[in-house]
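The chain contents come next:
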Amino acid sequence: MKHYFETEAAVLKELDSNPQGLTSQRAAEFGAGKNKLAEGKKISMLRRFLNQLSDPMIIILLVAAAISGVTAYFANESFADVFIILFVVVLNAVLGVVQESKAEKALEALKEMTAATSKVLRDGEMIHAKSEDLVPGDVILLEAGDAVPADVRVLESASMKVEEAALTGESNAITKISEALPDNGKDCPLGDRKNMAYMGSTVVYGRGKAVVTAIGMDTEMGKIASALSQTEDSQTPLQKKLSQLSKILTWLVLGICVFIFAFTMLKDGDFTLAHLIDTFMIAVSLAVAAIPEGLATVVTIVLSIGVTKMSKRNAVIRKLTAVETLGCTQVICSDKTGTLTQNKMTVVDHYGDNETLLAEGMALCSDAEWTEHGTEGEPTECALVNYAASLNMKKPALKAESPRIGEAPFDSSRKMMSTVHTTKGGIVQYTKGAPDIILSLCTSVLKDGARVPMTEDLKNEILAAQKNMSDRALRVLALAVRPYKEAPASFEPADLEQDLTFVGLTGMIDPVRPEVKAAIEKCKSAGIRPVMITGDHIDTAVAIAKELEIITDASQAITGAQLDEIPEEEFEAAVEKYSVYARVQPEHKVRIVKAWKAKGKVTAMTGDGVNDAPSIKSADIGVGMGITGTDVTKNVADMILADDNFSTIVTAVEEGRKIYDNIRKVIQFLLASNLSEVISIFTATLLGFTILHPVHILWINLITDTFPALALGMEKSEPDIMQRKPRNSNEGIFSGGLGVDVCYQGILVSILTLASYFIGHFIESGRWEIAESPDGITMAFLTMSMAEIFHSFNLRSQRKSLFALKKQNGFLIGAMVASLVLTTAVIYIPVLASLFEFTAVSLVEYLTAMALAILVIPAVELVKFIQRKMGK
């Protein structure tokens, strides 16, 4: 429908709606959740299962199973190996699919938490509803920073400008109107439809009211949705490194396997089919042992579990890369209002001769609304409306007596807003904003009920009153008026905001959040520099920063105006001098971020307004506000604070460090385990005996490795995690001695496993010799399985003693008990033992194997002790 050629009334009638919006019943009849674009096809369970089977490692196992099956058939032998390999392959694939699905569901839950909302009129009242639940006929309210949630016909526009570059390619924002466009018989291009706004565009200035005309795939954006439904690569740098590492290891190991196969065949000189198959199975054992096929999957699971936990603590991660970067954060640049403070404004002081006019003007020159249930709107404006109500001037009555006929909406670069009203005494303009800005536009002052010319003495008196309030950490706003004989011809800011008469000041208290001071202390102990950024007066900013111990002296604070005077290179050199920035504009925030990044510091930046998007995007960690943040800032943020609280950022940094620590523990555990298997099999092959069969290695990798690895991913943070300096963002996977630890720990478990084999053979035969031994294989299996389980306890901390850790990991204890029971079961339950070709070893052999396995704990404890001493 060409709603742009129709009047507002005609459009509303056509959509069976009215200016007060739809009823809840009417909206419910249409159905919820339809206002969204079609998503790319999700991968089916069958496709995921087949993807799991396409892994090179799995293909090798399937080939091994096929060869074993053919051999068993012609030799009339048991198919036990075939069934075990196939069972393990299928079980591994099923677990992979389940883990993938869990990770995807966790990320979908996070998307749900960050779902966009819209201000909608339902049953005549303004409510916040999910944008996906909008229906045609819904009347919505739009303001600067809002994403347009559907295709809409504008009903009212107060200087509303919409940026439509995503649809039209037009970089300049379009001023919207409510009047019908002239119909000349030709269609109107999308970019010229000034009374329409479309899904995918953004309100950048002013405010407005509109009715929804199309939703979901029926919108203009829906027509090009196929180009938008491509899946993004959401892998983190660490995940990519691990995937590359797994691929390199796969090809390296396959090369070693080919060498072992050829070496053994040539050494033995036996080229019979039976020997060829046996040698092939040895090579398969080595491949199965060496390739950490579960590494990338386990890391993904740990990441998804971690971000889910973070969301429960009000830090909603929008991009997985942020988890890694959080652990490296060195500077946190935070807005003051609402993040460091409670954003619960109350007017506690005023300056000016006429308090009634001051309160009335402040209430009228705001977009907050007063109801019997409380005020709705931006907290500062709510405080002003409540201030007027406390003097028996309620906003609805004021609006009825002095209706608004025009406005110049608030703009962060102007730091003020103006509204024009029809009153009993004629047309009056109220302008409220930053005192220094307002004062610079005033040519007169309201004094003793009369307008007197502004003098230097009067200006100094006003500035002294302002400083008095600012020194007490009050947020100060000024009000000025301008009378007209008739309505102004233009409502452009430049035309309205001149030749003003100063009325007075209001001082509002915004208490510091009680938990923030402790969070600032935690930042400092963690080597993180907190920086306060505010649009408030410098005196207010300094008073609060001193209270929070962000600074100790006023010389550590600077204003936006002073910042403008400093050349870029000079500022980059001096940026570490300043921890407080007052009276800043959005472009200053970009400069601050760039200066810190030029110093090589990983920087987080918070923001809520539409103009904060560039600084959030340029920061290493962009932090959007969940309560006061605009859609624009939320959409570019890496992380959203559901409670707008600074301490939540610090909690997220701590959680990010913990997740990264746990991922390193998982990597160390899996690689050390795989290395021990490789060394054991490689050594046994070179010496001419079999220490473990492929099915044994498969069992160890599935039971002994995967579940403890997941349990390590659930490890609680170490006590000193926020006493360490931030991690270098460029450090590799094996930094901090992890590579050395993997090597010596892999060798250690191999030595214990080989020792167990030879002791088992001695107990069985009474001879110390290199030979095939069923008891030796069973004992080696038991030692390796349990040594890896016991070793997982060592890795709860890379350097601290296991016995110094006060908190227990219940998941790890559960994994150990389960592994012990299952490993014992496959040795002693006859059916399982025959499938795995184990012998029921004696109690002495069983206890010997367990004693060797548990030796991994004191051995690693001794190395850790030496490492701690060397570290000091």
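Data block above holds the structure.
Residues numbered from 1 in each chain as written. Predicted model: local features only at pLDDT ≥ 70, side-chain atom pairs only at ≥ 80, totals over all residues. Heavy atoms only, no water.

K.L.:
Tell me about the overall build of the protein, and please be specific about residues and values.
P.N.:
When helices and strands are counted, the protein shows 31 helices and 25 strands. Taking the principal axes of the C-alpha coordinates as reference, the protein spans close to 115 × 70 × 45 Å. Taken as a whole, the protein presents about 37700 Å² of accessible surface, with 59% of it coming from carbon and sulfur. (Helix = DSSP H or I, 4+ residues; strand = E, 2+ residues; numbered from the N terminus. Areas by Shrake-Rupley, 256 points an atom, 1.4 Å probe, with all protein chains shown as cover.)

K.L.:
Let's hear about empty space enclosed by the protein: which residues, and what values?
P.N.:
Under the criterion given, the structure shown has five cavities of 30 Å³ or more. In this structure, the largest cavity occupies an estimated 60 Å³ of space. Lining of the largest cavity is provided by Val302, Ile305, Gly306, Lys309, Glu655, Lys658, Ile659, Asn662, Gly713 and Met714. Of all the secondary-structure elements, those providing two or more residues to the lining of the largest cavity are helix H9 (295-312) and helix H24 (646-687). Residues of the lining of the largest cavity, tallied by class, amount to four nonpolar, three polar and three charged. (1 Å grid on protein atoms, 1.4 Å probe; cavity = no way out; pocket = protein on both sides within 12 Å on 5 of 7 lines; lining within 4 Å. Points joined across faces, edges and corners; volume = space filled by probe spheres on them. Nonpolar A, V, L, I, M, F, W, Y, C, P; charged D, E, K, R; others polar.)

K.L.:
Residues and numbers for the environment of Glu14, please.
P.N.:
Tracing the chain through its elements places Glu14 in helix H1 (residues 8-14). Accessibility expressed as a relative area gives 38% for Glu14, which makes it partly exposed. A sequence separation of 123 residues divides Glu14 from Gly137, and the C-alpha atoms of the two residues are 8.8 Å apart. When sequence neighbours within four positions are dropped, the list of residues in contact with Glu14 reads Met1, His3 and Glu6. (Buried < 20%, exposed > 50% of the residue type's maximum accessible area, 1.4 Å probe, protein only. Contact = heavy atoms within 4.5 Å.)

K.L.:
Can you break down the state of the cysteines residue by residue, with the values?
P.N.:
One pass over the structure, following the stated rule, counts zero disulfides. Left without a disulfide partner, Cys328 is nearest to the cysteine sulfur of Cys523, which lies 15 Å away. We note that Cys442 lacks a disulfide partner, and the nearest cysteine sulfur, in Cys365, lies 13 Å from it. (Disulfide = S-S within 2.5 Å.)

K.L.:
Explain the packing of aromatic side chains to me, and be specific about the residues and the numbers.
P.N.:
Applying the stated rule across the entire model yields twelve aromatic pairs. A ring pair is formed by Phe259 and Phe263, whose centres lie 5.8 Å apart and whose planes are at 25°; its orientation type is stacked. A residue pair is termed a helical-turn pair when its members lie 3 or 4 positions apart in one helix, as Phe259 and Phe263 do in helix H7 (residues 237-268) at four residues. What makes Phe259 partly exposed here is its relative accessible area of 46%. Clustering of aromatic rings is evident, with ring pairs tying together Trp699, Phe781, Phe836 and Phe838. When the ring centre of Phe30 is taken as origin, the NZ or CZ atom of Lys34, which lies over that ring, is 5.2 Å away. (Phe/Tyr/Trp six-rings, centres within 6.5 Å; stacked < 30°, edge-to-face > 60°. Lys NZ or Arg CZ within 6 Å of the ring centre and 35° of its normal.)

K.L.:
Pulling in residues and values, what's your account of a positive patch on the surface?
P.N.:
Together, Lys309, Lys312, Lys716 and Lys807 make up a positively charged patch on the protein surface. Residue placement: Lys312 occurs in helix H9. (Patch = residues over 30% accessible without salt bridge, like charges linked within 9 Å, V, L, I, M, F, W, Y side chains within 5 Å. Salt bridge = Lys/Arg side-chain N within 4 Å of Asp/Glu carboxyl O. Lys, Arg positive; Asp, Glu negative; His and termini not counted. Charge placed at Lys NZ, Arg CZ, Asp CG, Glu CD.)

K.L.:
Lay out the nonpolar core in plain terms, naming residues and giving numbers.
P.N.:
If you look at the biggest cluster of nonpolar residues, it comprises 120 residues, and the most contacted ones within it are Ile550, Met639, Phe646, Ile667 and Ile691. Broken down by element, the residue count for this core peaks at 15 residues, all from H24. Membership of the second largest hydrophobic core comes to 24 residues, among which are Leu398, Val428, Leu446 and Val481. (Core = buried A, V, L, I, M, F, W, Y, C linked by side-chain atoms within 4.5 Å.)

K.L.:
An account of the pairing of strand E18 (residues 474-484) is requested, with residue identities and associated values reported.
P.N.:
Burial analysis of E18 places nine of its eleven residues in the buried class, the great majority of the element. Strand direction decides the pairing type here: strand E15 (residues 426-433) and E18, joined by seven bridges, are antiparallel. Bridge pairing in E18 places Gln429 opposite Arg482. (Pairing = 2+ DSSP bridges.)

K.L.:
Just give me the short version of the environment of Lys522, but keep the residues and values in it.
P.N.:
Within the element layout of this structure, Lys522 appears in helix H17 (residues 516-525). Sequence-wise, Lys522 and Thr651 are 129 residues apart; in three dimensions their C-alpha atoms are separated by 9.6 Å. The contact partners of Lys522, leaving out residues within four places of it in the chain, are Val650, Glu654 and Met722. A distance of 3.2 Å separates a polar atom in the side chain of Lys522 from a polar atom in the side chain of Glu654. (Polar contact = N/O pair within 3.5 Å; in protein donor to acceptor, adjacent residues only side chain to side chain.)

K.L.:
So, the pairing of strand E16 (residues 442-447): which residues are in play, and what are the values?
P.N.:
Working note: regular strand, side chains alternate between the two faces of the sheet. Direction of pairing for E16 relative to strand E19 (residues 500-509): parallel, over a ladder of three bridges. Within E19, the residue paired with Cys442 across the bridge is Leu500. Hairpin connection of E16 to strand E17 (residues 450-453): two residues between the antiparallel strands, including Asp448 at a positive phi of 55°.

K.L.:
For helix H12 (residues 379-390), give the residues involved together with the corresponding values.
P.N.:
Its twelve residues place the ends of H12 16 Å apart at the C-alpha level, agreeing with the 16 Å of an ideal helix rising 1.5 Å per residue. With nine of twelve residues buried, H12 is to be regarded as a mostly interior element. When we look at burial in H12, the residues that qualify are Thr380, Glu381, Cys382, Ala383, Leu384, Val385, Tyr387, Ala388 and Ala389. Of the residues that open H12, the one with a side-chain oxygen 3.1 Å from the backbone nitrogen of Thr380 is Glu378. Positive phi appears at Asn392, one or two residues downstream of H12, with a value of about 65°. (Expected span 1.5 Å × (residues − 1).)

K.L.:
Explain the sheet that holds strand E9 (residues 331-335) to me, using residue names and the numbers behind them.
P.N.:
Ordered in space as E8-E25-E24-E23-E9-E20-E22-E21, the eight strands form an open sheet in which the pairing is mixed. Two strands bound the open sheet, and with one partner strand each, they are strand E8 (315-317) and strand E21 (557-559). Strand-to-strand twist of the sheet, defined as the mean angle between neighbouring strand axes without regard to direction, takes the value 20°. The sheet contact formed by E9 and strand E20 (residues 529-533) spans five bridges and is parallel. Its bridge partner lying in E20, Asp335 is registered against Ile533. The sheet contacts of helix H21 (residues 586-598) involve E9, E20, strand E22 (580-582) and strand E23 (603-607), and relative to E23 the element is tilted by about 170°. (Axes fitted to C-alpha atoms, helices over the stretch in contact; angles between N-to-C directions.)

K.L.:
Residues and numbers for the packing of H24 against helix H26 (residues 738-765), please.
P.N.:
Packing of H24 against H26 brings their axes to within 7 Å, and their N-to-C directions diverge by 45°. What the angle tells us is that H24 and H26 run oblique. In the packing of H24 onto H26, the handedness of the crossing is right-handed. Between H24 and H26, the contacting residues are Arg664, Ile667, Gln668, Leu671, Ala672, Leu675, Ser676, Ile679, Ser680 and Thr683 on the first element and Leu738, Asp741, Val742, Cys743, Gln745, Gly746, Ile747, Val749, Ser750, Thr753 and Leu754 on the second. The residue makeup of the contact of H24 with H26, split by class, is eleven nonpolar, eight polar and two charged. (Parallel < 35°, antiparallel > 145°, perpendicular 65-115°, else oblique. Left-handed = near helix turned anticlockwise from the far one by under 90°.)

By themselves, these are just geometric observations and shouldn't be taken as functional.
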